[in-house]
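Listed here are the chains, written in short residue letters.
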Amino acid sequence: MNIQQLLTQRVSQAMIMAGADKNCDALIKQSAKVQFGDYQANGIMATAKKLGMPPRALAEKVLQHLDIEDIADKVEIAGPGFINIFLKNSWIAEQNEVALSSDKLNITLPAKPQTIVVDYSAPNVAKEMHVGHLRSTIIGDASVRVLNFLGHNVIRANHVGDWGTQFGMLIAYLEKMQNEQANDMDLSDLESFYRAAKKHYDEDEVFAEKARNYVVKLQGGDEYCRDMWRKLVDITMTQNIATYKRLNVTLSLEDTMGESIYNSMLPGIVADLKQKKLAVESEGAIVVFLDEYKNKEGEPMGVIIQKRDGGYLYATTDIACAKYRYETLHADRILYYTDSRQHQHLEQVWAIVHKAKYVPESLKLEHHMFGMMLGKDGKPFKTRSGDTVKLNDLLDEATERAATLIKSKNPDLSDAELAQVVDAVAIGAVKYADLSKNRTTDYVFDWDNMLSFEGNTAPYLQYAYTRVLSVFKKSNINEDNLDGHIDLGTEKERALAIRLNQFDETITTVAAEGTPHVLCAYLYDIATLFSSFYEHCPILAAENESLKVSRLKLASLTAKTLKTGLDMLGIKTVDKM
Ligand code: ARG
């Protein structure tokens with residue numbers, strides 16, 4: 001049940017009957033203060049202006065037509081023409097009951113599921129994943145989970161950097177290592193491998209010549225080079241898949257749709273763009289000039305799609321890729337999870353694919369960008385010696401810290417329980433710290449904050465969840481056999497109950513905008529509202545049996561909501577910690 005949508009329908013209907021046109025916007029929002037009711041309609045003023053009517057007069061008229069008695073017991077006009085809506089307790093409770101008994105917590109599923117391509121993670125071959133890929137991986141995966149929950153056809157596209165001129169040097173170096181050490185080759189440290197290959201390339205002319213030769217051969221489909229390339233991709237992806245698993249990220253090998261798969265499309269694209277007169281030759285290269293992007297001199301900016309030496313670029317691949325996702329995958333939406341520095345790149349690619357009519361304007365291309373991960377010093381997150389932090393090292397440290405923390409909090413856990421809790425808390429804390437911040441801004445990575453049991457953190461929510469469960473465990477009551485009705489007698493109960501009913505509108509926002517922090521804030525609210533309800537309203541010691549059942553039902557819905565929400569974020573819960 002999406003209350004916001006329901007109220008929007010009801011109020012718009014009344015606005016139309018009061019003279020507004022069909023597209024009027026009721027602008028229904030959750031009220032910021034209790035005295036303004038539960039929801040507010042803020043759209044009266046703008047509509048009144050259009051109609052040339054005093055806003056309060058329009059509001060009065062809207063109220064006359066408003067059919068809302070079944071939902072609200074009080075509706076009032078406030079200020080210059082706001083409408084405050086106070087929902088009925090009985091109706092709120094009824095919605096809670098429906099949510100409890102339906103399998104997806106009564107979340108409105110889209111009438112027509114869409115095909116949505118989610119482009120995320122996208123690490124590069126023969127390189128260790130870095131913190132930028134961590135953000136893309138975690139935030140992208142949360143979006144995937146939310147969209148999947150809603151029943152969309154979600155295609156995970158791991159746009160791995162598995163193509164380009166660097167492969168000549170990587171193949172030449174792999175060959176050198178194989179020759180020198182036979183089978184005993186250690187590629188586990190991809191970062192040093194890449195660096196060593198680069199060093200040889202820069203310092204050894206014979207090696208560099210061979211490398212350049214291998215690039216040409218690889219692109220020409222030479223079997224030996226193809227095999228060596230495959231080996232590099234496989235080694236990297238095996239490592240990445242292990243990291244995804246550790247991170248509880250849903251990406252698997254089948255989701256790999258690397259740059260290489262578009263390679264065969266590139267000559268055709270360049271020829272076609274030339275033929276359409278969108279691309280021209282400029283200083284030996286093939287360039288698309290875009291009027292909407294001006295350089296410092298005020299001239300249209302050029303996007304190079306083929307270099308003078310015949311090589312293609314990152315942009316060329318992304319043009320082919322968007323075309324493929326529309327034509328072959330039949331995408332309705334494509335979400336790109338890359339950092340904000342790639343924004344212009346994507347906009348230029350989209351401008352080109354629109355001009356070339358490779359994709360229609362109706363296909364929604366969305367850059368769900370994010371800022372950088374910073375250290376406590378406010379500078380880009382690095383090791384003490386200034387190197388990029390390896391993801392696995394980061395997760396090792398998280399595990400160590402979580403182990404110390406959990407052992408001190410609960411020394412009675414068995415080894416098996418401890419391992420499970422530590423994993424959930426360590427990985428959960430790292431992920432949640434990222435997910436809970438508005439992704440568009442930079443965020444500061446801070447161990448103490450993310451592992452705290454207080455505040456908007458994973459451990460706080462995971463702990464809150466176990467606390468709700470403990471009510472049932474302590475009493476030996478089965479959540480699924482509660483016979484009775486929810487009755488909202490106190491403000492604490494009411495506040496929790498209404499917020500529980502707002503899960504739907506929260507998910508709607510997250511699905512549309514790819515903003516998991518909205519879901520985090522919501523879950524945090526639920527946990528704190530539960531906590532204050534728990535403190536003020538005895539559950540097991542309630543005055544009578546029916547009140548006890550009512551409160552147990554609220555507790556049960558709280559647990560289910562927390563669990564479902566944390567699942568959507570890719571964060572594990574445990575039964576005790
Ligand atoms: N591999 C790229 C990087 O490491 C990210 C790819 C993002 N996706 C895309 N379609 N360009 O920066």
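Residues numbered from 1 in each chain as written. Predicted model: local features only at pLDDT ≥ 70, side-chain atom pairs only at ≥ 80, totals over all residues. Heavy atoms only, no water.

**Q** What am I meant to see in the sheet that holds strand S10 (residues 333-336) here?
**A** Across a sheet, paired strands are connected by hydrogen bonds in the backbone, their directions being either parallel or antiparallel. Strands sit in the order S6-S5-S10-S11 across an open sheet of 4 strands; the sheet is parallel. If you trace the sheet from one side to the other, it starts and ends with strand S6 (153-157) and strand S11 (364-367), each paired once. Going from strand to strand, the sheet's axes swing by 15° on average, the running direction of each strand aside. Where strand S5 (residues 115-119) lies against S6, 5 bridges are found, and the strand directions are parallel. Of the residues in S6, the one forming a bridge with Val 118 is Arg 156. Against the sheet, helix H11 (residues 314-327) makes contact with S5, S6 and S10, and its axis sits at roughly 145° relative to S10, the strand it touches most. (Pairing = 2+ DSSP bridges. Helix = DSSP H or I, 4+ residues; strand = E, 2+ residues; numbered from the N terminus. Axes fitted to C-alpha atoms, helices over the stretch in contact; angles between N-to-C directions. Contact = heavy atoms within 4.5 Å.)

**Q** What's the story with the site of the ligand in this structure? I'm lost.
**A** Taken together, Asp 119, Ala 122, Asn 124, His 133, His 159, Tyr 314, Asp 318, Tyr 336, Thr 338 and Gln 342 make up all the residues around the ligand. A distance of 3.0 Å is found between a nitrogen atom of the ligand and a backbone nitrogen or oxygen belonging to Ala 122. Here a nitrogen atom of the ligand sits 2.8 Å away from a polar atom, N or O, in the side chain of Tyr 314. Look at the ligand: alone it shows 350 Å² of surface, and the protein chains cover 88% of it. (Near = heavy atom within 4 Å. Polar contact = N/O pair within 3.5 Å; in protein donor to acceptor, adjacent residues only side chain to side chain. Areas by Shrake-Rupley, 256 points an atom, 1.4 Å probe, with all protein chains shown as cover.)

**Q** I'm lost on the UniProt feature "domain: Arginyl tRNA synthetase N-terminal" (unreviewed entry) in the protein chain in this one. Help?
**A** According to UniProt, the positions carrying the feature "domain: Arginyl tRNA synthetase N-terminal" (unreviewed entry) are residues 1-87. Between the end C-alpha atoms of residues 1-87 the distance is 14 Å, and the span holds 39% helix and 22% strand. (UniProt positions renumbered as here; feature names shortened; annotations may be inferred.)

**Q** I'm lost on the packing of helix H16 (residues 458-475) against helix H20 (residues 545-568) in this one. Help?
**A** Two packed helices can be described by the angle between their axes and the distance between those axes. Close contact between H16 and H20 brings their axes to 9 Å; oriented N to C, the two are set at 145°. Seen from above, H16 lies across H20 with left-handed handedness. Of the residues in H20, those touching H16 at Leu 461, Ala 464, Tyr 465, Val 468, Leu 469, Val 471 and Phe 472 are Leu 552, Ala 555, Ser 556, Thr 558, Ala 559, Leu 562, Lys 563 and Leu 566. A per-class count over the contact of H16 with H20 returns 12 nonpolar, 2 polar and 1 charged. (Left-handed = near helix turned anticlockwise from the far one by under 90°. Nonpolar A, V, L, I, M, F, W, Y, C, P; charged D, E, K, R; others polar.)

**Q** Would you mind showing me how to read the environment of Gly 455 here?
**A** When you line up the elements, Gly 455 lands in the loop between helix H15 (447-450) and H16. On the basis of relative accessible area, Gly 455 is assigned to the partly exposed category, the value being 27%. With 69 residues separating them in the primary sequence, Gly 455 and Tyr 524 have C-alpha atoms 8.1 Å apart. Leaving out residues up to four positions away in the same chain, Gly 455 has contacts with Tyr 460 and Tyr 524. (Buried < 20%, exposed > 50% of the residue type's maximum accessible area, 1.4 Å probe, protein only.)

**Q** I would appreciate a short explanation of the pattern of salt bridges in the present structure.
**A** Any two side chains of opposite charge can pair if their charged atoms end up close together. Within this structure, the stated rule accounts for 30 salt bridges. When the shortest N-O distance is used, the salt bridge between Asp 38 and Arg 494 registers 2.9 Å. Residue Asp 38 is found in the loop between strand S1 (28-30) and strand S2 (39-41), and its partner Arg 494 is found in helix H17 (residues 491-500); the two are separated by 456 residues along the sequence. There is no split in this pair, since Asp 38 and Arg 494 are both buried. One salt bridge connects Lys 323 with Glu 327, and the closest N-O pair in it is separated by 3.3 Å. Highlighted residues: Lys 323 and Glu 327, both in helix H11, separated by 4 residues, approximately one helical turn. (Salt bridge = Lys/Arg side-chain N within 4 Å of Asp/Glu carboxyl O.)

**Q** Would you explain the packing of aromatic side chains in this entry?
**A** The geometry of an aromatic ring pair is captured by the separation of the ring centres together with the interplanar angle, meaning the angle of the planes. Evaluation of the coordinates by the stated rule reveals 12 aromatic pairs. Between Trp 163 and Trp 229 the ring centres are 5.5 Å apart and the planes differ by 85°, which places this aromatic pair in the edge-to-face class. On the criterion of sequence distance, the pair formed by Trp 163 in the loop between S6 and helix H6 (166-181) and Trp 229 in helix H9 (residues 223-246) is long-range, its members being 66 residues apart. Taken together, Phe 381, Phe 445 and Trp 447 form an aromatic cluster joined through their ring pairs. When the ring centre of Phe 453 is taken as reference, the NZ or CZ atom of Lys 409 above it lies at 4.4 Å. (Phe/Tyr/Trp six-rings, centres within 6.5 Å; stacked < 30°, edge-to-face > 60°. Lys NZ or Arg CZ within 6 Å of the ring centre and 35° of its normal.)

**Q** In this structure, what is going on with the domain arrangement of the protein chain? I would like to understand it.
**A** Assigned domains of the protein chain: these are domain 1 (3-87), domain 2 (165-255) and domain 3 (424-569). Each of domain 2 and domain 3 has a C-alpha centre, and these two points are 46 Å apart. (Domains from an automatic or database assignment.)

**Q** I tried to follow unusual backbone geometry on my own but got confused; where do I start?
**A** Both trends apply: most residues other than glycine have a negative phi, and most peptide bonds are in trans. If you check the backbone angles, Leu 105 has positive phi at about 55° while not being a glycine. Mapped onto the elements of the fold, Leu 105 is located in the loop between helix H4 (89-101) and S5. Among the residues examined, Leu 105 registers a relative accessible area of 11% and is labelled buried.

**Q** Could you clarify how one ought to interpret H20 in this entry?
**A** Residue pairs spaced three or four apart in an α-helix point in one direction, given the helix's 3.6 residues per turn. Taking 1.5 Å of rise per residue, the 24 residues of H20 would be expected to cover 34 Å, and the 34 Å separating its terminal C-alpha atoms lies within 8% of that figure. Most of H20 sits inside the fold, with 19 of its 24 residues counted as buried. Note on H20: the residue one or two positions beyond its end, Gly 570, has a positive phi of about 75°. (Expected span 1.5 Å × (residues − 1).)

**Q** What am I meant to see in the UniProt feature "short sequence motif: 'HIGH' region" (unreviewed entry) in the protein chain here?
**A** The residues that UniProt annotates with the feature "short sequence motif: 'HIGH' region" (unreviewed entry) are residues 123-133. Helix makes up 27% of residues 123-133 and strand 0%. Its end C-alpha atoms lie 6 Å apart.

**Q** Please clarify how the environment of Phe 82 should be interpreted in this entry.
**A** Summarising the element assignment, Phe 82 is placed in strand S4 (residues 82-87). Residue classification places Phe 82 among the partly exposed positions, given a relative accessible area of 26%. In sequence terms Phe 82 and Phe 36 are 46 residues apart; their C-alpha atoms lie 9.3 Å from each other.

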